[in-house]
Amino acid sequence: MTETTAAWLERYVAVLAPAADPLRAPQMVAYMRGHFVYLGVATPQRRILTKPLEKEARQALAEAALLDLADALWAQTEREYQYAACDLLAACAKALTPVALPRLLALVVAKSWWDSVDTLAGRIIGTLVLRHPELIPQIDQLVLAENLWLRRTAIIYQLHWKASTDVSRLFHACLANAADTDFFIRKAIGWGLREHAWTDPDIIRAFVQQHAERLSPLSIREASKHL
């Protein structure tokens, strides 16, 4: 860890650690099924505390340093630090370049759960790939990845693309994973389809009807919520 990264990490710790709430923390741990340790800092409060640091970091740090800081935050025990890293990267997503993708994917598979992966996939990686479509072939390779969180990323990274969504790629990712019994994959399929239904309900309705025998009931239910 560089001196600069260590200094920035200390500043994050200095604002988050004193805000720890030992009464709230067990509730947050239980909500995440015991997967992570929490300080007990609620999201609105966390964002108020870290927003000034985030704004300053965006202006002061180059891309490599921002990614180093995200890695340092990710390495901390308490989950709030990973959330802070996600907030920082989301705020800087439009400034990231293709060299960031491998490091973002490394975060996807580290301390993985839906809360971090969904932000990384939809808000950060999705923004990066939309601005740099030359990265799409690398995302295509994740559709059949062994790691389920990489596959979830490949299904939902276009969540916020709206009319720019590559529907053929969305459909391919969904069908390639349709037989998977994992809840998070089935939920991702339904979520990806449902989100695009706001833009083109007819094409999603037709897809769900055509592939009803292949899609899980959960995926169909999620995809059809607003149809």
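Relevant structure appears above.
Heads up: these notes are all about the structure in this document. All values derive from a computational prediction rather than experimental measurement.

This brings us to helix α12 (residues 201-210). Every buried residue of α12 is listed here: Ile-204, Phe-207 and Val-208. Projected onto a plane normal to the axis of α12, the buried residues spread over an arc of 95 degrees and lie on a single side. More than 90 degrees from the buried face of α12, the exposed residues found are Asp-202, Gln-209 and Gln-210.

The description of an aromatic ring pair rests on the distance of the ring centres and on the angle between the ring planes. All told, the structure shown has seven aromatic pairs when counted by the stated rule. Taking 5.9 Å as the distance between ring centres and 55 degrees as the angle between the ring planes, the aromatic pair formed by Trp-113 and Trp-149 counts as tilted. Taken together, the positions of Trp-113 in the loop between α6 (101-108) and α7 (114-131) and Trp-149 in helix α9 (residues 148-156) put the pair 36 residues apart, joining distant regions of the chain. We classify Trp-149 as buried; its relative accessible area is 8%.

One non-glycine residue, Arg-33, adopts positive backbone phi at about 55 degrees. Classification of Arg-33 as exposed rests on a relative accessible area of 64%. Here the phi dihedral of Lys-111 falls at roughly 50 degrees; this positive angle occurs in a residue that is not glycine. For Lys-111, the location among the structural elements is in the loop between α6 and α7.

This brings us to the pattern of salt bridges. A full pass over the atoms with the stated rule returns 15 salt bridges. A salt bridge links Arg-152 to Asp-118, with the nearest nitrogen and oxygen atoms 2.8 Å apart. Of this pair, Arg-152 sits in helix α9 while Asp-118 is found in helix α7, placing the two residues 34 residues apart along the sequence. Looking at Asp-118, the relative accessible area reads 12%, which means it is buried. Overlapping salt bridges bring together Lys-187, Arg-194, Glu-222 and Lys-225 as one network.

For the pair helix α1 (residues 3-16) and helix α5 (residues 79-91), the least separation of the axes is 11 Å and the interaxial angle reads 120 degrees. Considering the angle they form, α1 stands oblique to α5. Crossing of α1 over α5 shows right-handed handedness. Each of Tyr-12, Val-13 and Leu-16 in α1 lies in contact with α5, whose residues at this interface are Glu-80, Tyr-81, Ala-84 and Leu-88. Classifying every residue of the contact of α1 with α5 by side-chain character gives six nonpolar, no polar and one charged.

Mapped onto the elements, Asn-177 comes out in the loop between α10 (167-176) and α11 (183-197). Apart from the residues lying within four places of it in its own chain, the contact partners of Asn-177 are Val-143, Arg-151, Ile-155, Ile-185 and Ile-189.

The next subject is the side chain of Gln-82. Its location among the elements puts Gln-82 in helix α5. Sequence-distant contacts of Gln-82, defined by excluding residues within four places in its chain, comprise Leu-73, Trp-74, Gln-76 and Lys-111.

Our focus in this paragraph is the environment of Leu-73. Relative to the assigned elements, Leu-73 resides in helix α4 (residues 63-74). Setting aside residues up to four positions removed in sequence, Leu-73 forms contacts with Leu-9, Tyr-12, Tyr-81, Gln-82, Ala-84 and Ala-85.

To continue, consider the environment of Trp-191. Mapped onto the fold, Trp-191 is located in helix α11. Assessed through its relative accessible area of 21%, Trp-191 is described here as partly exposed. Note: C-alpha distance between Trp-191 and Leu-104 (87 residues apart in sequence) is 21 Å. Leave out the neighbours within four places in its chain, and Trp-191 touches Asp-118, Arg-152, Ile-156, Leu-159 and Glu-222.

The rules behind these values
Residues numbered from 1 in each chain as written. Predicted model: local features only at pLDDT ≥ 70, side-chain atom pairs only at ≥ 80, totals over all residues. Heavy atoms only, no water. Buried < 20%, exposed > 50% of the residue type's maximum accessible area, 1.4 Å probe, protein only. Helix = DSSP H or I, 4+ residues; strand = E, 2+ residues; numbered from the N terminus. Arc of directions from axis to C-beta. Phe/Tyr/Trp six-rings, centres within 6.5 Å; stacked < 30°, edge-to-face > 60°. Salt bridge = Lys/Arg side-chain N within 4 Å of Asp/Glu carboxyl O. Axes fitted to C-alpha atoms, helices over the stretch in contact; angles between N-to-C directions. Parallel < 35°, antiparallel > 145°, perpendicular 65-115°, else oblique. Left-handed = near helix turned anticlockwise from the far one by under 90°. Contact = heavy atoms within 4.5 Å. Nonpolar A, V, L, I, M, F, W, Y, C, P; charged D, E, K, R; others polar.

So yeah, pure geometry; function would need other evidence.
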